[in-house]
Amino acid sequence: MDEVVVDQIMNVAHQAVSWIAFVAIIFGGVVPYIPQYRDIRRTQNAEGFSTYVCLVLLVANILRILFRFGRFFETPLLWQSIIMIITMLIMLNLCTSVRLTSELNTKRRSFTDFDRNYFWSWSGFVDYLQCVLAFTVLAAYVTYLLLDSVLFVESLGFLAVFTEAMLGTPQLYCNFQNKSTEGMSIKMVLMWTSGDTFKSGYFLLTQAPVQFWICGLLQVCVDLAILFQVYFYSRFPQKPVSHTTHTTSAKAL
């Protein structure tokens, strides 16, 4: 009788842990952007947030969803991609509205200008939405044509997770160029590092496709490199500290 009770308790505990892990993997990736969103709204200043982060995450998660048509992976990872796409569109909408307000005299740039010098630097949210839809349709069409190719499907999965893994490299390079991490939210980097570590462990435990956990570990390495920059440039300042009136939690990650 005692063994039956213990087994039931263990089953309930296992289910509870599984549900917590599912919720964490689905929503954990968007949590760092909540303080970023609130900070931009509060300061009405989006200069500290790079919209290229949105570009990288949109491309990565659209490709990941298409990859699932060729090779099945855990449903929570699918929902994670959907939630992240929605979150990045919300961030883009906020950034464009804030920048439109602060740049009244700037010439309007649109997606239909097809000017590569202003790619992903357009004036309206609709232009970003048009670009995302065009990319999605094109990528979906190519995937449909080549879905029977194992090489294409595996390459698509690698490209999806590798793109996301490289998310931190623009910030890493920006910090290196500036010789400073000023204006970057350390809290956000720490949240990102803990999230990527959990995600990589989840990939390993659920036996996700090999592309997922290799690139997850690579992402953790990039996060750790950025944290090292925080330590190094604070311990050994390379440039005078500037005094900015508007400060955002500007970590691109």
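Procedures and definitions
Residues numbered from 1 in each chain as written. Predicted model: local features only at pLDDT ≥ 70, side-chain atom pairs only at ≥ 80, totals over all residues. Heavy atoms only, no water. Salt bridge = Lys/Arg side-chain N within 4 Å of Asp/Glu carboxyl O. Helix = DSSP H or I, 4+ residues; strand = E, 2+ residues; numbered from the N terminus. Buried < 20%, exposed > 50% of the residue type's maximum accessible area, 1.4 Å probe, protein only. Contact = heavy atoms within 4.5 Å. pLDDT = per-residue confidence, 0-100. Phe/Tyr/Trp six-rings, centres within 6.5 Å; stacked < 30°, edge-to-face > 60°. Lys NZ or Arg CZ within 6 Å of the ring centre and 35° of its normal. UniProt positions renumbered as here; feature names shortened; annotations may be inferred.

An unreviewed UniProt entry lists the protein under the name Solute carrier family 66 member 2, with Carassius auratus given as the organism.

Visitor: How should I be thinking about the pattern of salt bridges in this particular structure?
Guide: In a structure, side chains of opposite charge can pair up when their charged atoms sit close to one another. Within the structure shown, the criterion is met by five salt bridges. Of the charged contacts, one joins Asp196 and Lys199 as a salt bridge, the two residues approaching to 3.5 Å between their closest N and O atoms. You can see Asp196 and its partner Lys199 sitting in helix α8 (residues 186-205), three residues apart, about one turn around the helix. Using a relative accessible area of 6% as the deciding quantity, one classes Lys199 as buried. Shared partners join several salt bridges into a network, and the residues in it are Arg64, Glu164, Asp196 and Lys199.

Visitor: Mind showing me how you'd approach the side chain of Gln219 here?
Guide: Note on placement: Gln219 falls in helix α9 (residues 210-235). Setting aside its immediate chain neighbours within four residues, Gln219 contacts Glu164, Ala165, Trp192, Asp196 and Lys199.

Visitor: Would you explain the confidence of the model for the protein in this entry?
Guide: For any part of a model where pLDDT is low, the fine detail of the predicted coordinates should not be relied upon. Residues at a pLDDT of 70 or more form 90% of the protein, whose mean pLDDT is 82. The spread of mean pLDDT over the elements of the protein runs between helix α1 (residues 2-27), the lowest at 77, and helix α5 (residues 125-146), the highest at 96. Overall, residues 241-253 carries pLDDT values under 50, and its contacts beyond four positions in sequence, including any with other chains, amount to 47 contacts.

Visitor: For this particular structure, what's the right way to read unusual backbone geometry?
Guide: If a residue is not glycine, its phi is most likely negative; likewise, a peptide bond is most likely trans. One non-glycine residue, Gln44, lies in positive phi territory at about 55 degrees. Positionally, Gln44 belongs in the loop between α2 (33-43) and α3 (51-70). Positive phi values are uncommon outside glycine, yet Phe114 reaches one of about 55 degrees. The topology assignment puts Phe114 in the loop between α4 (75-102) and α5. Exposure remark for Phe114: the relative accessible area of 65% places this residue in the exposed category.

Visitor: Explain the packing of aromatic side chains here, please?
Guide: Remark: the centre distance and the inter-plane angle together describe each pair of aromatic rings, the angle taken between the planes. Taken as a whole, this structure holds 16 aromatic pairs when the rule is applied. Through a chain of ring-to-ring contacts, the aromatic side chains of Phe111, Phe114, Phe119, Trp120, Trp122 and Tyr128 assemble into a single cluster. Sitting over the face of the ring of Phe176, Lys179 holds its NZ or CZ atom 3.8 Å from the ring centroid.

Visitor: Help me out: how do you make sense of the UniProt feature "transmembrane region" (unreviewed entry) in the protein in this one?
Guide: Here, the residues flagged by UniProt with the feature "transmembrane region" (unreviewed entry) are residues 12-34, 46-66, 78-98, 119-144 and 211-233. Span residues 78-98 is 100% helix and 0% strand, its end C-alpha atoms 31 Å apart. When the span residues 119-144 is considered, its composition is 77% helix and 0% strand, and the gap between its end C-alpha atoms is 27 Å.

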